[in-house]
Structure formats: C-alpha cells, structure tokens
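Read off the chains here:
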Amino acid sequence: MSRLMPLFVFLALCGLFGFGIWWNTQHDQHEIVSPLIDKPAPDFLLPELGQPMSTVGKASLLGKPYFLNVFGSWCIECVHEHPVLSGEVKSLGLRLVGLNYKDEPSDAMNWLHEHGNPFDLVITDRDGRAGIDFGVYGAPETFLIDGKGVIRYKHVGPITPEVVDREFRPALAALAKEGG
Amino acid sequence: MSRYGRAQGALLQRAGNGQGPAAEGRSAPRARQLLAIAFMLLLPLLSIAQAIQPLPFRDHAEELRFQHLSAELRCPMCQNETLADSNAPIAHDLRRQIFEMMQAGRSDAEIKAYLVDRYSDFVLYKPPVEPKTWLLWFGPLIVLALGGLVVAIQVRRRARQNPVGNVPANDTEDDW
Amino acid sequence: MIPELGQFALVLALLLALVQGVLPILGAWRGNAALMAVARPAAAGQAVFVFLAMGVLIHAFLVYDFSVAYVADNSNLALPWYYRITAVWGAHEGSMLLWVFILNVWSLALAVLSRHLPTPFVSRVLGVLGLIGVGFLAFILFTSNPFLRELPMPSDGGDLNPVLQDPGMTFHPPVLYMGYVGFSVAFAFSIAALLGGELEQAWVRWARPWTNVSWAFLTMGIVAGSWWAYAELGWGGWWFWDPVENASFMPWLVGVALIHAQAVTEKRGSLPAWTVLLSLFAFSLSLLGTFLVRSGVLTSVHAFASDPRRGLYILGFLIVVIGGSLLLYAIRAPRVATGKPFAALSRETGIMIANLLFTTAAAMVLLGTLFPLIGDALNLGRISVGPPYFSFLFIALMAPAVLLLPFGPYLRWGSAEGRQLTTLALRAGIAAVICAIVAAFVAQGHLRAIAGIAGAVWVAAGTLSYILKRWREMPRGRRYPAEMAGMLVAHTGVAIFIIGVMLSESLSVERDVRMAPGDTQAIGGYVFRFDGVHETQGPNWRADEGTVTIQRDGTTMATVKPQKRTYSRGQVQTESAIDAGLFRDIYVALGEPMQATDVEGAWALRLYYKPFVRWIWLGGLFMMLGGFLAAGERRFRAKKAAATAAVPAKESLA
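This is a predicted model, so every value here is computed, not measured.

**Thoughts on the overall build of chain C**
Part 1 of the reasoning: For chain C, the helix and strand inventory stands at 19 helices and ten strands.
Part 2 of the reasoning: The globule rule puts the C-alpha radius of gyration for 654 residues at 26 Å, and the 27 Å found for chain C is close to it.
Part 3 of the reasoning: The dimensions of chain C, computed from C-alpha atoms along their principal axes, are 80 × 75 × 55 Å.
Part 4 of the reasoning: The burial tally for chain C puts 64% of its 654 residues in the buried class.
Part 5 of the reasoning: Surface exposure of chain C reaches about 23300 Å², of which carbon and sulfur atoms provide 68%.

**A closer look at the pattern of salt bridges**
Part 1 of the reasoning: Under the criterion given, the structure shown has 35 salt bridges over all chains.
Part 2 of the reasoning: Asp93 of chain B serves as the salt-bridge partner of Arg96 of chain B, at 3.9 Å between the closest nitrogen and oxygen. Of this pair, Arg96 of chain B and Asp93 of chain B both sit in helix α5 (residues 89-103), three residues apart, which is roughly one turn of the helix.
Part 3 of the reasoning: Taking relative accessible area as the criterion, Arg96 of chain B reaches 16% and is therefore assigned buried.
Part 4 of the reasoning: As a salt-bridge pair, Arg606 of chain C and Glu510 of chain C come within 3.7 Å of each other at their nearest N and O atoms.

**Considering the sheet that holds strand β1 (residues 509-515) of chain C**
Residue and element names in this part refer to chain C.
Part 1 of the reasoning: With antiparallel pairing, the four strands of this open sheet are ordered in space as β1-β10-β9-β8. Every other strand in the sheet has two partners, leaving β1 and β8 (577-579) as the edge strands with one partner each. The mean angle between the axes of side-by-side strands here comes to 20°, regardless of whether they run parallel or antiparallel.
Part 2 of the reasoning: Bridge count between β1 and strand β10 (residues 603-611): seven bridges; the pairing is antiparallel. Across the sheet, residue Val509 finds its bridge partner in β10, namely Tyr609.

**Overview of the interface of chain A and chain B**
Accessible area lost when the parts come together is the quantity often used to give the size of an interface.
Part 1 of the reasoning: With 32 residues of chain A in contact, the opposing surface of chain B contributes 25 residues.
Part 2 of the reasoning: Of the roughly 2400 Å² buried between chain A and chain B on both sides combined, carbon and sulfur atoms contribute 53%.
Part 3 of the reasoning: The largest contributions to the chain A side of the interface with chain B come from Trp74, Ile132 and Tyr137 of chain A, which together make up 27% of the buried area.
Part 4 of the reasoning: On the surface where chain A and chain B come into contact, there are three salt bridges.
Part 5 of the reasoning: A salt bridge links Glu100 of chain B to Arg129 of chain A, with the nearest nitrogen and oxygen atoms 2.7 Å apart.
Part 6 of the reasoning: Along the contact surface separating chain A from chain B lie six residue pairs in polar contact (both at pLDDT 80 or more).
Part 7 of the reasoning: Those elements that provide at least two residues to the side of chain A that touches chain B are α1 (5-26), α2 (76-89) and α4 (129-134) of chain A.

**With respect to the pairing of strand β4 (residues 66-71) of chain A**
Residue and element names in this part refer to chain A.
Part 1 of the reasoning: β4 sits mainly inside the fold: six of its six residues count as buried.
Part 2 of the reasoning: Sheet topology places β4 next to strand β5 (residues 95-101); six bridges connect them, and they run parallel. Considered in β5, the bridge of Phe71 is made with Asn100.
Part 3 of the reasoning: With respect to chirality, the unit in which β4 leads through α2 into the neighbouring parallel β5 is right-handed.
Part 4 of the reasoning: Across five bridges, β4 lies against strand β7 (residues 141-145) in antiparallel orientation. In the strand pairing of β7, Asn69 is matched with Thr142.

**Quick word on helix α16 (residues 418-443) of chain C**
Residues and elements named next belong to chain C.
Part 1 of the reasoning: When the terminal C-alpha atoms of α16 are compared, their 36 Å separation across 26 residues agrees well with the 38 Å that a helix rising 1.5 Å per residue should span.
Part 2 of the reasoning: Where α16 is buried, its residues meet α15 (407-410), α17 (447-473) and α18 (482-507).
Part 3 of the reasoning: Within two residues after α16, Gln444 carries a phi angle of roughly 45°, on the positive side.

**A word on the domain arrangement of chain A**
Part 1 of the reasoning: Partitioning chain A into domains gives domain 1 (1-30) and domain 2 (31-179).
Part 2 of the reasoning: Relative to domain 2 of chain A, the C-alpha centre of domain 1 of chain A lies at a distance of 38 Å.

**Topic: the side chain of Gln20 of chain C**
Residues and elements named next belong to chain C.
Part 1 of the reasoning: Its place among the elements puts Gln20 in helix α1 (residues 3-30).
Part 2 of the reasoning: Looking at Gln20, the relative accessible area reads 0%, which means it is buried.
Part 3 of the reasoning: In this structure the side chain of Gln20 is engaged in a polar contact, spanning 2.8 Å, whose partner is the side chain of Gln46.
Part 4 of the reasoning: Discounting chain neighbours no more than four positions away, the residues touching Gln20 are Ala39, Ala42, Ala43, Gln46, Leu126, Gly127, Leu129 and Gly130.

**Examining the packing of helix α6 (residues 92-112) of chain C against helix α8 (residues 167-196) of chain C**
Residues and elements named next belong to chain C.
Part 1 of the reasoning: In the contact formed by α6 and α8, the axes pass within 9 Å of each other and the chain directions differ by 50°. As far as their axial angle goes, α8 and α6 are oblique. Two packed elements cross with a definite hand, and for α6 against α8 that hand is right-handed. Only Pro173, Pro174, Tyr177, Met178, Tyr180, Val181, Gly182, Ser184, Val185 and Phe189 of α8 make contact with α6, whose side of the interface consists of Ser95, Leu98, Trp99, Ile102, Leu103, Val105, Trp106 and Leu110.
Part 2 of the reasoning: Residue composition of the contact of α6 with α8, by class: 15 nonpolar, three polar and no charged.

Criteria and thresholds
- Residues numbered from 1 in each chain as written.
- Chains lettered and ligands numbered in written order.
- Predicted model: local features only at pLDDT ≥ 70, side-chain atom pairs only at ≥ 80, totals over all residues.
- Heavy atoms only, no water.
- Helix = DSSP H or I, 4+ residues; strand = E, 2+ residues; numbered from the N terminus.
- Rg over C-alpha atoms; globule rule 2.2 N^0.38 Å.
- Buried < 20%, exposed > 50% of the residue type's maximum accessible area, 1.4 Å probe, protein only.
- Areas by Shrake-Rupley, 256 points an atom, 1.4 Å probe, with all protein chains shown as cover.
- Salt bridge = Lys/Arg side-chain N within 4 Å of Asp/Glu carboxyl O.
- Pairing = 2+ DSSP bridges.
- Axes fitted to C-alpha atoms, helices over the stretch in contact; angles between N-to-C directions.
- Contact = heavy atoms within 4.5 Å.
- Buried area = accessible area lost by both parts, 1.4 Å probe.
- Polar contact = N/O pair within 3.5 Å; in protein donor to acceptor, adjacent residues only side chain to side chain.
- Right-handed = clockwise from strand over helix to strand, strands pointing away.
- Expected span 1.5 Å × (residues − 1).
- Domains from an automatic or database assignment.
- Parallel < 35°, antiparallel > 145°, perpendicular 65-115°, else oblique.
- Left-handed = near helix turned anticlockwise from the far one by under 90°.
- Nonpolar A, V, L, I, M, F, W, Y, C, P; charged D, E, K, R; others polar.

Shown next, in the form of structure tokens:
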C-alpha cells in the first residue's frame, strides 16, 4: 500500500532518533575517534620540563607500555583529573609520562608544584606541533602506548575512576594477554 | 598569565559534557554544567578574535588557496566551525600547519591526507564518496528518480482521461 | 506578580486545551452541536491563560526576579531591559513557552476569522490545534517549567549569551515561530478534511491564506536569522547548513511545494492527496526541528541544552502526532483521481515537477543532517557532512526548478500552448545569454557569477515578460489579482536572491592583515586605513574599539568602528563593523593585538569586500512579501452570504 509508505519511513526515522537518544547517553558526542589507534605513535623528540637541554624521543620510551597524558597549567579539567591521575591511574603500575601542551614551562612547573607531580617524566610541546602529530585537539587527553611504541588506546577528556575501570583496565588486560 | 592567555585557557580546556540530569538540584554541579554549556556556546563567539591570523602569503592566488582549504576543513575542537573561522588554539595551529605545508609545495590532497591521518575523516567538511557514504551521496538521486517515476505515472494516467479540448483565447481573471 | 501564578495559568491552559482538543472533535463526529460549540470558547480561554503565563514570565525578567531559576540563569542586573525581554525566549524553557504562545495566537486568529466555515470543520480544526497545545503544555509543565524557583535567591544572575544580545535575536525567534507554528493550521485543516471525509476541495481554498501567511513569516524568520548570523557571528557567513538552520529550512522547502500544490487543488480540484500529504510533511518537519534542537541528538552551534528525558518525551509526541496523522492519511486520503484532468504539458505537471524538486531537496537536507546519526547507528564511524555536500546537491536540484520557473505562469491549466512557451523561452533565453556574456567580461572567469547572472536574468526576464503580457491584455483593475501579484513578486525575489548568492559567493574578497595605526590596505577598489584602537563602554560591556577609514578614489566613504567587547560576566565577543550598501558591504573585524601587551601597536584585522550580499536578504524579503500579497486574494476572504451552521458549504470552484 503506497499510502502507508510515509508512515513507514517516519517510523524508521523514529527508530533512528530513539537510537540517537540512547547513544548519546553512552557516548560523548564531541569526541573524535582517533585514527591512530593500533598504529605506531608518531616520532617525537621533545625537551624535558625544567631541563631543556635534555630531550626525550619515542625510541627512549620503548620497551614497556606507558600512559601519555596531555595537560597544561591553563587547563581547568586537568585539575579535576589530577587526583585520579595521582591515585587510580598511578596504581595501575605503568609509567606516567606527561606531555605539557602549549604551556609556559615556568607555569607548568608551578602548577605541578602546587598540585603534585604524579609523572615519571614530563616533556614539553610548547608550540603544539607534536600534539598535532598525535591528533591532540585539547586537554586533557590520555594515550596508552605499548612497549613497541604502538598507540593502543586514547581517552579524550578528564579521567574519572569510572574511566579507569571501564576503559583502562580492559585495555591493559588486552595488552597483558598479548604479552606486549 | 596574560588576559589573552586566560581566554586561551578557557578554550583549550574540555568543556563539560552538555548532558546532565535535569533533576539535579541547583547547586555547584549545575552551575558548572551551565558554565560548560556557556563555554561551548561561546566558543564560536571568540572565533574572530583568534581566527584572524595574518600570514605572509606570496601572492593572492596562494591566499585564495589557503582560504579555500581552511574553509573546507572542520575545526576538531569547535566542531561546527571551519578552520578558517574557529578561534580555538588547535585551529590556529592547524592553520599554521597548512600554511607551512603549502609553502613547502604540498598539494591540497596531501594536506588533507595529513590532517585526516591524524584527526580522521571527520575534519573534512565534504564527506568522501566511498561505500559507507553511498547512501548519502546517491540517496537524493534515488529519491528523485523514484519521485519522478511516480509523477510520470500520475501524469500519464491523467492525460489518458478526457483530453482537454478548448483553450481560452485570453487568461481570464480566475483561470490564469 | 508571583511566578506560581504563571505556572497555575499554564495548568489551566492545559485543562482548557484538553477540553478544546477532545470535545469538539467528538461533537463533530457525533453531530452534537453543543460539544462543537465548546471549541471557540475553549480556544479563547486557553489563549488567555497562556498569554497570562507569558506576561508573568516577561514581568519576572523585567523586575529582576532572580528567585525564578530561569530568570537567574539568563539575565543579570546589568542586562538592559530590551535584552531581558529577549532572554525570555533565549533558552529552552522560555522558547517552549513562546511556541505555545504563538500557537495560541494562531488558534485565536482562527477562532475569530472562521465564522464563514462550516461548524463541524472548524470544530475539528480547533480540536487538532487543542491537542497540539496539550502536548506542548504538558511538555512544559512536566519537563521544562520556566517558573521553577531557585532558593536561596541569588543576588545576581547569569547572563544572556552575548551573541544573542542583538536586535536580530529579539526579532528572529518570534517571527520564525509564527511560521513554524503557523504550519500547524494547514496541518489542522488537512486533518479536519481527512476526518470529515470532505469530498469537495473547498477546504483548500480556506487553507490557502493561512498557509501563505505562515510561509511568509517563516521566510522572514529565516532571513532574519541569516542576517543576524552575518552581522553577529563575525565572519561574513550567512548560511552554514547547521542542523538548526536546516531544521527551519526543511519546512520552508516543503512549504513552497505546499503553496503550489494548494493552488492546483483549489483551482482544479486535482491532486488533493498530495496537498494533504505535503501539509502533513510541512508541520511534521516543524515538529522534527523542535525535536532535533532539543534532544541533543545532533550537535549544533545553537542547539539548546540536551536532556534525554526531554528528547524521549518529544519523540513520543512526534510518534503520536505525526504517526497518527500519517496513519489517518493512509486510511482516509482520497484515492480516486478527482478534479479536472490535465495533459502532460500543463501547469499541473509543471507544478508537480517543481514540487518533486523541492521535496527532494528537503529530503536531501534531512538525509545530510541525520547522516552522522545514521553513521553511528550503522557503526560506520563519525561521518562529517558539511556545506560542500548540501550546497552542491541543493544547487543541482534547484537548477532545473530555476529553469522551469518562468514557464509557470505561461503554462495553461489543463493543457499548455506550445507556441507561447517557445516565444517565452527565446526571449528570456536570449536576455540571459547576453547578460552572461557581458558578465563574462566584467567578472573575468568567475563561473559562478556568470551562471548566477544567467539564471537570475532568465527568471527575471521571464517574470517581466508575463507582467507585460498581463498589462497589455487585461483592462485596468483586473491585471494583477492579489494571488498573481504575490506570485510575480515572489518569483522576482528568486531572481534577486540568485544574484545575491552567486555574486557574493564568487566575487567576495577577504583578507587577514596586520595593521599598525596609519597603515593602509587595498581591497576591492577600496582603501582601508587603520587609525588605532581606544577603549569604550556600553551598558554591560567594555570594549577595545578600532577606527578604520574606508576610502575610494581618494574620498572617504565611511568610517567604521569594529569592537572587541568584554561583557560583565567575562565573555569576549567581536562586534564587526559593517558599512552596508545596496550593491556591496564592507566588513571589518578586529582581532588581537599582534603583541599581546602592546595595545597601541599593530593589530590583526580581517577585511571583507562583499558585493551584492544584501540582495540575498532582499530576495528573501520579496518572497515574503509575495506570500503576504497572495494571501490577500479576494477569493480567499470570507463570503458573508455563505455562512451556514451545520451543512458544509458547497462552493463552486470555477
């Protein structure tokens, strides 16, 4: 019955909308899924915070997996995630590398002094070029990079205990299973 | 921190997710949610301030090419704006990147590929024509074709009824 | 005035809407005059209480009643009174109240101006409007109450988003809603016709003026929104195919198809099913727009805050209203081909083809707007659909419509005369080609500008040709009946619009420059001189204001003062300075000082030269005017002699 077509199309549309409402409760609409997952992390050579003569490259971080956390002293949400970073994330046992993004080193050092420094190492990306290579578009963002230098997981936004449980732990378990 | 730095900070930070339980009482979390929403709404406003980025183009053609390119790319942060018009610092950085790549002789396709590799297809305003977007690109054509078929059938059915004989010489007032 | 009074008024309005929605339709079904007679008083009552509620809310804003949460969130002590009124509809809850307010404006107008319509029909129409009111009032009371209190009362409020603090924002939503919500009248007419099984198409004649006026308001609302975005958002854009813009554009496109379909059905009695279906689509798209903006299903620059509960409620409402109406259509729409027959070459066919193009365009916009959501549903990843998609396909679909347009008036009803058509085609075609050749020399290779001129001249020449034909052939006073005048004005508006879009898009010049005080820059034949920046102040903002002098051939044409404002709550906004002209706009936006601390030094500026950009909105205004004119057609007005009580008037169509 061709007269029923508009109704059927409309009901299909409503199904789509219902899905959309549900999907929204599960996902952050603004998050861009990184195309770098399961791809080698970009090469970088960045100075350490506070020791500009000493540079750290991707090669020197190979061997064991680590978290790369993008933060800045200007970033308000980074303050909110900081306790979780220092607590739950640190307790996962991986190296924590901080990428100080688009910041003044002196501001960054003051911020770490004020809030505590959970990082095993902090490297600085003052003009954001390394960030572009990582597909960073804001802070905070956190990458899980395995021992071979491959990006295995990315979380956009502040880390909460739920994120640690729902996202990081499974990702680490998968990594452990492979022996990476 | 300079006042411009502070404005920068407001942009770079992640604005909270706009969804929040409406049932939550009126207290700090609600205010923060509203502030976050306000920031999200504000981001386009602040656009001009930093979106204006004078660059040393070699000539007008290069300037046009840059404008065209940055208008075809989406800002990954202020997602409903083009790179040309967004003030987000990432947009500023990406514009600088595009400019440098243009000066280094890269083609438009290479520049776009560079950005897609890092930020996914999402930064392209023009969806690529590939199997997953066939419905998007060819859907309207299909609708047009089906509709055209329906119209043709109806018209033919009508024309086969009594053919209209007389045609008045002038348009009368009512039957124009 | 106590805000609770407003809430109470809404409750009463809801009850009255319920009465208005149920009893008259029941009465029409049963032939019960008493129940049918409830319609008008109930509508009037509902309107009184909704107007009261709106009054209470406006009052709360005007007296800074921050105990009302909505007032506290959207205004503050420094906000001027005219923007405090704007703030009434500046956020979700208030905009919903505005929706219902406008619904009642239309219902009241209908209740008053429908004395000549048969009672069962009017009962059904008002009944449908009542039911729609029930849905919205319940939504407001249960999920979006603007009268909720916030205790303890804050001493000062938040702010109305600075981008909304502009006269355009005061004007744009009410006018847009007049259009959006106005399609509910055409919808109600169609539902009433389906329910009543009206076999004559007289009801279409009654529906036409209401539809034309709604469409005209919607046109004006869209034009106002576009103009406001251009003036306020600071970078020369006037349309972004943003989901919320698309939400208003889809009903507009279907509205165009509807207006033309109504003309066919009213005059020839044919294609009534299409006319009904299009009116259902038009209002459905209006409701859909409401859903899209508030459910958070799509991201948009100007979407209201999202909330899944609200989203679900509106979705449920959509299913009931739209699903119900489409089901009714499937069951009750006329099946037998009625009305006067027509040949393949006729105005009817022309209108059918044009309607197909417009409806497909609306479907395309819907597809593109929803495709990111489809991508998520089918797990295709995040797909981005932007202006390159929409513009390309829109122009591809509209090009045949533009080609068809001048033929419209020349195509006879029933069967068209080929000779007239070829003469027209030659005349308009030659004019278009000549102008295109001239344009090719002047515009030097800008294909879009040339194509734009060709298309616009084609339409304009064709329309002018018909104007002259009527002038020659008809006696004074009968040359241009209102409906025809409306058509001619609106079609002229299309030509103006095409020029505006194509020329401004292809011939604009934009440049980001670094200028120190005293520097000059040449663009588009004008010389811009930057004369430095100083501080200035407004009611709730402070600003850095630049002075830019614009000269041409040595003489100063204008001095513009772009600003960068900081509002009382800290938000920063750019107020671009526009030197407006009929044939070009010059647009200057102030960026940042090149050295953050050196305000006296060089600044970054964006300079634009935009030729013919005002023609975009001028074209829209002509279309709007055409809509209003056509609605004034004598034929549509109430015939005093035809008022009857219970028997549907049998009006002749010829």
